[in-house]
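# Structural overview
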Amino acid sequence: MSLLVSDLRLRWRSLLWWTVGVVLLSTLVASFYKSIAGDTAYEEVFSSLPESLQGLIGGADLGTPVGYLSAEMYSFFMPAVLLVFAIGRSTSTLAGEEEDHTLDLLLAQPISRTALYVQKVVGVALGIAVLAIAVAVPVIALADWSELKVPAANLWAATAQLFAFVLFLGMLAMTVSASMGRRAAGVGVAAGLAFVTYLLDGFGKSIEWLEPWRVLTPWYWYDVGEALAESMPWTSFAVLLGATLIVGALGLWGFNRRNLRS
């Protein structure tokens, strides 16, 4: 795993700044809850919105800790932030190096493409895991002061769901970019899929003919609401990880079968 260690050494400063940024954002969102805790005005405003818009926002009561975390942090905001990191990191790690003409020099060393691919995937996954944990830490640290009290088990369950969801789309970006040797292709496919399926899942909650298609979106399986309110949704978690493994295997196959661009 020497390549993994070397890759982490080269990118640790970038990951550190990303972690600091995520911690600050999470702290800001968690701190704001103190000013609206128990206020029913937000629920009244939410209830007045069209049903389709309620589905896009998340459909949660902002006056409760679970509803606030679900709507303001885990449903869209933090996934979007982590997806910027995951997609950018995933597409730069193989396709980016190929475009920079450094990947062929690396593969000239005694290492197989499979070993290289796997170590790059592990590096991306570790980065996403660090940022997912950075989302939860400020919430736990400020729980007493901000009144944003959610059982730790539920918060870590939501964090695990966030990790699995972002990892899937990051893996999709890596698969497309590594199979084609084009960073832009991976960014476009993963970002486009994330946006289109978010709309499909959101509108599908209120539009009857769209509802059956929600099951095909990663947002449907990103069941953070159940994680925060009840317990870890193991089925959803397993589906996201299973889809990640399948997409990753396709990426390995695509990377192994093609000739690198000079």
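The residue numbering used here restarts from 1 in each chain and proceeds along that chain's sequence as written. Only residues with pLDDT of 70 or above have their local features reported here, since the model is predicted, and side-chain atom pairs are shown and tallied only from 80 upward, although totals for entire chains, interfaces and linings are computed over all residues. Only hydrogens and water are set aside when side-chain values are computed; all heavy atoms of the structure are taken into account.

## Regarding the nonpolar core
As used in this record, nonpolar core signifies buried Ala, Val, Leu, Ile, Met, Phe, Trp, Tyr and Cys residues forming a set joined through side-chain atoms within 4.5 Å. Any residue under 20% of the maximum accessible area for its type is buried, any over 50% is exposed, and the rest in between are partly exposed; the area is computed with a 1.4 Å probe on protein chains only. Membership of the largest hydrophobic core comes to 67 residues, with the highest contact counts inside it found for Leu69, Tyr74 and Leu82. We call two residues contacting when some pair of their heavy atoms lies within 4.5 Å. Setting aside anything within four residues of it in sequence, one finds Tyr74 in contact with Leu69, Pro79, Val135, Ala136, Leu155, Ala158, Thr159, Leu162, Tyr222, Val224 and Leu228.

## Some points on the side chain of Thr93
Structurally, Thr93 can be placed in helix H5 (residues 77–99). Assessed through its relative accessible area of 0%, Thr93 is described here as buried. The residues contacting Thr93, other than those within four sequence positions of it, are Asp7, Arg11, Lys120 and Met174. Each helix is a run of DSSP H or I of at least 4 residues and each strand a run of E of at least 2, with the numbering of both proceeding from the N terminus.

## A short note on unusual backbone geometry
One non-glycine residue, His101, lies in positive phi territory at about 65°. Backbone geometry at Glu147 places phi at a positive 65°, although glycine is not the residue there. Mapped onto the secondary structure, Glu147 falls in the loop between helix H8 (143–146) and helix H9 (152–180).

## Describing helix H13 (residues 234–257)
By this rule, a helix spans an expected 1.5 Å times one less than how many residues it contains. For H13, which comprises 24 residues, the first-to-last C-alpha distance of 35 Å matches the rise-based estimate of 34 Å (1.5 Å per residue) to within 8%. Burial in H13 covers these residues: Ser236, Phe237, Leu240, Thr244, Val247, Gly248, Gly251, Gly254 and Phe255. Where the residues of H13 are buried, they touch H5, helix H6 (103–107), helix H7 (113–141), H9 and helix H11 (218–221).

## Regarding the packing of helix H1 (residues 2–32) against H7
Angle between the axes and distance between the axes are the two parameters that describe a pair of packed helices. Between H1 and H7, whose axes approach to 8 Å, the crossing angle comes to 25°. In this view, H1 runs roughly parallel relative to H7, as classed from their interaxial angle. Relative to H7, the crossing made by H1 is right-handed. Class assignment of the residues belonging to the contact of H1 with H7 gives a composition of 17 nonpolar, seven polar and two charged. Here an axis means a line fitted to C-alpha atoms, over the contact stretch when the element is a helix, while the angle between two N-to-C directions is reported on a 0 to 180 degree scale. Angular relationships are summarised with four words: roughly parallel below 35 degrees, roughly antiparallel beyond 145, roughly perpendicular across 65 to 115, and oblique for the angles in between. Note on convention: near helix rotated counterclockwise from far helix by under a right angle means a left-handed crossing. Clockwise means right-handed. Only Asp, Glu, Lys and Arg are considered charged, only Ala, Val, Leu, Ile, Met, Phe, Trp, Tyr, Cys and Pro nonpolar, and every remaining residue, Gly among them, polar.

## Here we look at the pattern of salt bridges
What makes a salt bridge here is a side-chain nitrogen of Lys or Arg within 4 Å of a carboxyl oxygen of Asp or Glu, nothing more. Per the stated rule, a full pass over the model turns up eleven salt bridges. A salt bridge links Glu147 to Lys34; its shortest N-O distance comes to 3.9 Å. Remark: Lys34 occurs in the loop between H1 and helix H2 (41–47) and Glu147 occurs in the loop between H8 and H9; sequence separation between them is 113 residues. Residue Glu147 is classed as partly exposed on the basis of its relative accessible area of 41%. As a salt-bridge pair, Glu211 and Arg214 come within 3.9 Å of each other at their nearest N and O atoms. Exposure remark for Arg214: the relative accessible area of 14% places this residue in the buried category. Among the ionic contacts, a cluster of salt bridges with common partners joins Asp7, Arg11, Arg89, Glu97 and Lys120.

## A few points about a nonpolar patch on the surface
A residue counts toward a patch only above 30% relative accessible area and without a salt bridge, and it is joined to like-charged neighbours within 9 Å or, for Val, Leu, Ile, Met, Phe, Trp and Tyr, to nonpolar neighbours within 5 Å. Under the convention used here, a 1.4 Å probe and the Shrake-Rupley method define accessible areas, while residue burial counts only the protein chains that appear. Together, Trp12, Leu16, Trp17, Val20 and Leu24 give the surface a local cluster of nonpolar side chains, amounting to about 570 Å² of exposed area. For Leu16, the location among the structural elements is in helix H1.

## Things to note about the packing of aromatic side chains
What counts as a ring pair is set by centres within 6.5 Å for rings of Phe, Tyr and Trp (its six-membered ring), and what kind of pair is set by the plane angle: stacked under 30 degrees, edge-to-face over 60, tilted for all other angles. Applying the stated criterion across every chain yields a total of eleven aromatic pairs. Between Tyr33 and Tyr68, the ring centres sit 5.0 Å apart and the planes meet at 50°, which makes this aromatic pair tilted. Of this pair, Tyr33 sits in the loop between H1 and H2 while Tyr68 sits in helix H4 (residues 65–74), and the two are 35 residues apart along the sequence. Residue Tyr33 shares its accessibility class with Tyr68, and that shared class is buried. Look at Tyr220 and Trp221: their rings are 5.0 Å apart centre to centre, the planes differ by 90°, and that puts the pair in the edge-to-face class.

## Structural notes on the side chain of Arg214
Summarising the element assignment, Arg214 is placed in the loop between helix H10 (183–204) and H11. A distance of 2.8 Å separates the side chain of Arg214 from the side chain of Asp201, its partner in a polar contact. Apart from the residues lying within four places of it in its own chain, the contact partners of Arg214 are Leu200, Asp201, Gly204, Lys205 and Tyr220. Any N or O atom pair separated by 3.5 Å or less is treated as a polar contact, with the protein-specific requirement of one donor-capable and one acceptor-capable atom, and with residues adjacent in sequence counted only for side-chain atom pairs.

## A word on H4
Buried residues dominate H4, accounting for seven of its ten residues. For H4, the full list of buried residues reads Gly67, Tyr68, Leu69, Ser70, Ala71, Met73 and Tyr74.

## Notes on the environment of Gly170
On the secondary structure map, Gly170 appears in helix H9. Classification of Gly170 as buried rests on a relative accessible area of 2%.

Everything listed is a geometric property; what it means functionally is a separate question.
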